[in-house]
Amino acid sequence: MIKNTLILLIAAFTLNTATAFANSGGTVDAIQMPAWYDRDGKTYALKPGVKLYSGDVVRTGKNSRALLRMNEGSTVKLGADAVLNLNTLTPPKQEEGIFEALLRVTRGAFRFTTTEVGKLRKRNVDVKIGHVTVGIRGTDIWGRSKTDEDLFCLIEGNVKVQREGEAEFTMQVPLKYNVAAEGKPTSAILPVDMNELGGWAAETETQQGQGILTTTGEWAVNMMSLQNTAAANKLQQILNDAGYAADIQQVQVNAQNWLRIRIEGFASRQDASSFASTINNQYGIQQPWVVKF
């Protein structure tokens, strides 16, 4: 009896855990490496297709980018050296329910864009850019958090904005921005110079031909082939720790078994070639080669 009860409890726990993790709040659409995500005290290399949950932290490295897609239809773009805390990322339990999210940008550039599909969904989404909280209402926004300054720009839509210790205010005229500098009151709402806006937007856009990975990419970079399992696993771990989502593929060449360390999913040959040039002569890798799979 006790044994049967224990089995039922374990089965119920497993089912509840599987159900909780089946309902992710978003997915990684595309990246430029290196990039990572932290979950439950562990760090993993970020790659397209990764499901995102409340509590995850997404980080990008030098010259990196990340494109995330929320389950209610919005997109989130991160620039280089950015840190995004997914404090809350809870999809509704039912189709007519409310998507709940609190996204906290503690460093770097960030863009949140509501798609036409997203505008039809019920949601309660707040973005915190440094010390400034923005309530999302069918919106396209851009922001950046630095050590001594937080900047927020309304591209489209309307938002409620509140800096810690200051009164809340509404922004509903597009192409306006303000700055919250350390030790100073938040600036007045200012018009955006279009050239400046173009520069800001470029900070969060993936760079064509510069190593973009996507869920549908058909190109790969083979970095090294080894016959020693321990050596292959070690190189894979080193690359993953460095923010490069490497896998190991078993291949046979001239009737011999090899373990090939590679990264798949590059959007184009040019993207794969760009990464191959970047990774060459690093981590003991010499002359990596590009293939289509």
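Residue positions are given per chain, counted from 1 along the sequence in the order it is written. Owing to the predicted nature of the model, reporting of local features is limited to residues with pLDDT of at least 70; listing and counting of side-chain atom pairs is limited to 80 or more, with chain, interface and lining totals taken over all residues. To obtain the side-chain values, all non-hydrogen atoms of the structure were included, while hydrogens and water were left out.

> Help me understand the environment of T115 in this model?
To qualify as a helix, a DSSP run of H or I must reach at least 4 residues; to qualify as a strand, a run of E must reach at least 2; elements of each kind are numbered from the N terminus. Considering the arrangement of structural elements, one finds T115 in the loop between strand 9 (99-113) and helix 2 (116-119). Separated by 41 residues in sequence, T115 and S74 have C-alpha atoms that sit 5.4 Å apart. Should any heavy atoms of two residues lie within 4.5 Å, those residues are counted as being in contact. Contacts of T115, omitting those with residues within four sequence positions, involve G73, S74 and T75.

> Can you walk me through empty space enclosed by the protein in this structure?
Gaps left between atoms are located by rolling a probe of water-molecule size over the structure's atoms. Grid points spaced at 1 Å over the protein atoms alone were grouped into cavities, where a 1.4 Å probe fits but cannot get out, and pockets, open sets with protein on both sides within 12 Å along at least five of seven lines, with lining residues defined by an atom within 4 Å of a point. Grid points are joined across faces, edges and corners, and a volume is the space filled by probe spheres set on the points. Evaluation of the coordinates by the stated rule reveals one cavity of 30 Å³ or more. Of the voids in this model, the largest cavity is the one considered here, and its volume is about 30 Å³. It is strand 12 (residues 149-163) that contributes the most residues to the lining of the largest cavity, three residues altogether. Residue classes follow a fixed rule: Ala, Val, Leu, Ile, Met, Phe, Trp, Tyr, Cys and Pro count as nonpolar, while Asp, Glu, Lys and Arg count as charged, and any other residue, Gly among them, counts as polar. Within the lining of the largest cavity, the residues separate by chemical class into four nonpolar, one polar and one charged.

> Is there a simple way to think about unusual backbone geometry in this case?
Of all residues except glycine, most have a negative phi; of all peptide bonds, most are trans. Residues M33 and P34 are joined by a peptide bond in cis, for which omega reads 5°. Tracing the backbone shows P34 in the loop between strand 1 (26-32) and strand 2 (35-39). With a phi close to 55°, Q287 is a non-glycine residue in the positive phi region. The exposure class assigned to Q287 is exposed, which follows from its relative accessible area of 66%. Here the term buried applies to any residue with accessible area under 20% of the maximum for its type, exposed to any over 50%, and partly exposed to those in between, with areas from a 1.4 Å probe on protein chains only.

> Honestly, the confidence of the model for the chain in this entry has me stumped. Any pointers?
pLDDT expresses, on a scale from 0 to 100, how confident the predictor is about each individual residue. On average, the chain scores 89 in pLDDT, and the residues at 70 or more come to 89%. Overall, residues 1-22 carries pLDDT values under 50, and its contacts beyond four positions in sequence, including any with other chains, amount to two contacts.

> I keep staring at helix 4 (residues 229-241) and nothing clicks. Help me out?
Side chains three or four residues apart in an α-helix point the same way, a direct result of the helix having 3.6 residues per turn. Given the number of residues in a helix, its expected span is that number minus one, multiplied by 1.5 Å. Here helix 4 is 13 residues long and its end C-alpha atoms lie 18 Å apart, about the 18 Å a rise of 1.5 Å per residue gives. Looking at helix 4, one finds that the buried residues are A232, L235, L239 and N240. The arc enclosing the buried residues of helix 4, seen along the axis, measures out at 135°, which places them on a common side. Turned more than 90 degrees away from the buried face of helix 4 sit A230 and K234, all of them exposed. Those residues of helix 4 that are buried are in contact with strand 2, strand 3 (42-45), strand 17 (219-226), strand 18 (247-253), strand 19 (256-266) and helix 5 (269-279). Where helix 4 begins, one side-chain oxygen reaches toward the backbone nitrogen of A230, 3.0 Å away; that side chain belongs to N228. Two residues or fewer after helix 4 comes G243, characterised by a positive phi angle close to 95°. The reported arc concerns the directions from the helix axis to the C-beta atoms and nothing else. Pairs of N or O atoms within 3.5 Å make up the polar contacts considered here, provided that, within protein, one atom can donate a hydrogen while the other can accept it, and that residues adjacent in sequence are counted only when both atoms are side-chain atoms.

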